[in-house]
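Geometric and topological summary
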Amino acid sequence: MDVAEDRLRTGQKMMALLVKDEATSFGLSITLRRSCKGSDVEAVLNELVAQHGTPKYIRSDNGGQFIATIVQQWAKRHHITLATIHPGKPWQNGFAESFVGTYRREVLNAVIFMSLAEAQAISTMWLNIVITERPHSRHDYRPPITAFQKHAA
């Protein structure tokens, strides 16, 4: 998981929390908020665990929202290892960095958002296209959903 920051046309800050399954390249979630605190991360992870089950590991950088006590305690309760990368070494989280980079190029840099709701709607549409339609070389040019469905079965 990783975070991308941007601004609305009004100048207000918005944060996008992106979560991707490394094994299948399946984008699990893009959640936009005005800020991204540990409690926001916990809420998104609760939804994802309820929907997809409990992972063994979650990889992230050392952002405050990821190393927050609330997230550490959540992971401990769910028996999940938080695999944080070494500071200043973003290549250790290459899957998330690539996902965020593509999202930034194709969504955040391409659209001037008037509201958080608009940004969330467009981000959700983009994610749906990426996971269900866009071919991925890692999966013989099939979309990530095909690999995710096999992996989940």
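Quick summary incoming for the structure in this document. Everything quoted here is computed from the prediction, not taken from an experiment.

A few words now on the overall build of the protein. A tally of regular secondary structure across the protein gives six helices and five strands. The order of helices and strands in the protein, counted from the N terminus, is β-β-β-α-β-α-α-β-α-α-α. Computed over its C-alpha atoms, the radius of gyration of the protein comes to 15 Å, within 12% of the 15 Å expected for a compact globule of 153 residues. Along the first, second and third principal axes, the C-alpha atoms of the protein reach 40 × 40 × 30 Å. Counting all 153 residues of the protein, 41% fall into the buried class. For the protein, the exposed surface amounts to about 8500 Å²; the carbon and sulfur share of it is 54%.

To continue, consider the environment of Val130. Mapped onto the elements, Val130 comes out in helix 5 (residues 116–132). In this structure Val130 comes out as buried when scored by relative accessible area, which is 12%.

Burial of strand 4 (residues 57–60) is one-sided: the residues Ile58 and Ser60 facing one way are buried, the residues Tyr57 and Arg59 facing the other way are not. For strand 4 and strand 5 (residues 81–84), the ladder comprises four bridges, and the chain directions are parallel. Bridging from a neighbouring strand, Ser60 pairs with Thr84 of strand 5.

Here we come to the layout of surface pockets. Put simply, the largest pocket is a space of about 680 Å³. Around the largest pocket, the lining comprises 25 residues; the ones closest to its centre are Asp21, Glu22, Leu28, Pro55 and Tyr57. Residue assignment for the lining of the largest pocket shows that the elements contributing at least two residues are strand 2 (13–21), helix 1 (38–52), strand 4, helix 4 (94–108) and helix 6 (144–152). Grouping the constituent residues of the lining of the largest pocket by class yields 15 nonpolar, five polar and five charged. The dominant element in the lining of the second largest pocket, judged by the number of residues it contributes, is helix 4, at three residues. Broken down by class, the residue content of the lining of the second largest pocket amounts to four nonpolar, four polar and two charged.

Looking down a regular strand, the side chains alternate between one sheet face and the other. Of all eight residues in strand 3 (residues 26–33), six are buried, a share of seventy percent or more. Where strand 2 lies against strand 3, seven bridges are found, and the strand directions are antiparallel. Bridge pairing in strand 3 places Val19 opposite Ser29.

Evaluated as defined, the whole model comprises one cavity of 30 Å³ or more. Put simply, the largest cavity is a space of about 40 Å³. Broken down by secondary-structure element, the contributors of at least two residues to the lining of the largest cavity are strand 2, strand 3 and helix 1. If one sorts the elements of the lining of the largest cavity by residue count, helix 1 sits on top with three residues. Here the lining of the largest cavity is built from residues that sort into five nonpolar, two polar and two charged.

Before going further, it helps to spend a moment on helix 1. Over its 15 residues, helix 1 extends 21 Å from the first C-alpha to the last, a length consistent with the 21 Å expected when each residue adds 1.5 Å. Here helix 1 has its buried residues at Gly38, Asp40, Val41, Glu42, Val44, Leu45, Leu48 and Val49. On its buried side, helix 1 packs onto strand 2, strand 3, strand 4, helix 2 (64–67) and helix 3 (69–77). Downstream of helix 1 by one or two residues, Gly53 has phi in the positive range, about 95 degrees.

Thresholds applied
Numbers given to residues run from 1 along each chain, matching the order in which its sequence is written. Totals for whole chains, interfaces and linings use all residues, but because this is a predicted model, local features are given only for residues with pLDDT of at least 70 and pairs of side-chain atoms are given and counted only at 80 or more. Water and hydrogen atoms play no part in the side-chain values, which are based on all heavy atoms of the structure. Each helix is a run of DSSP H or I of at least 4 residues and each strand a run of E of at least 2, with the numbering of both proceeding from the N terminus. When we talk radius of gyration, it's over C-alpha atoms, and the globule rule is simply 2.2 Å times the number of residues to the 0.38. Note on classification: 1.4 Å probe, protein chains only; a residue is buried when its accessible area is under 20% of the maximum for its type, exposed when over 50%, partly exposed between these limits. A 1.4 Å probe and the Shrake-Rupley method give the accessible areas. Residues count as covered only by the protein chains that appear here. A pair of strands is labelled paired if DSSP reports no fewer than 2 bridges between them. Points on a 1 Å grid, built from protein atoms alone, make a cavity when a 1.4 Å probe fits but cannot get out and make a pocket when they are open with protein on both sides within 12 Å along at least 5 of 7 lines; residues with an atom within 4 Å of a point are the lining residues. Grid points are joined across faces, edges and corners, and a volume is the space filled by probe spheres set on the points. Amino acids are sorted into nonpolar (Ala, Val, Leu, Ile, Met, Phe, Trp, Tyr, Cys and Pro), charged (Asp, Glu, Lys and Arg) and polar (every other residue, Gly among them). By definition here, a helix of n residues has an expected span of 1.5 Å times n minus one. Contacts are residue-level and defined by heavy atoms, with any inter-residue pair within 4.5 Å sufficient.

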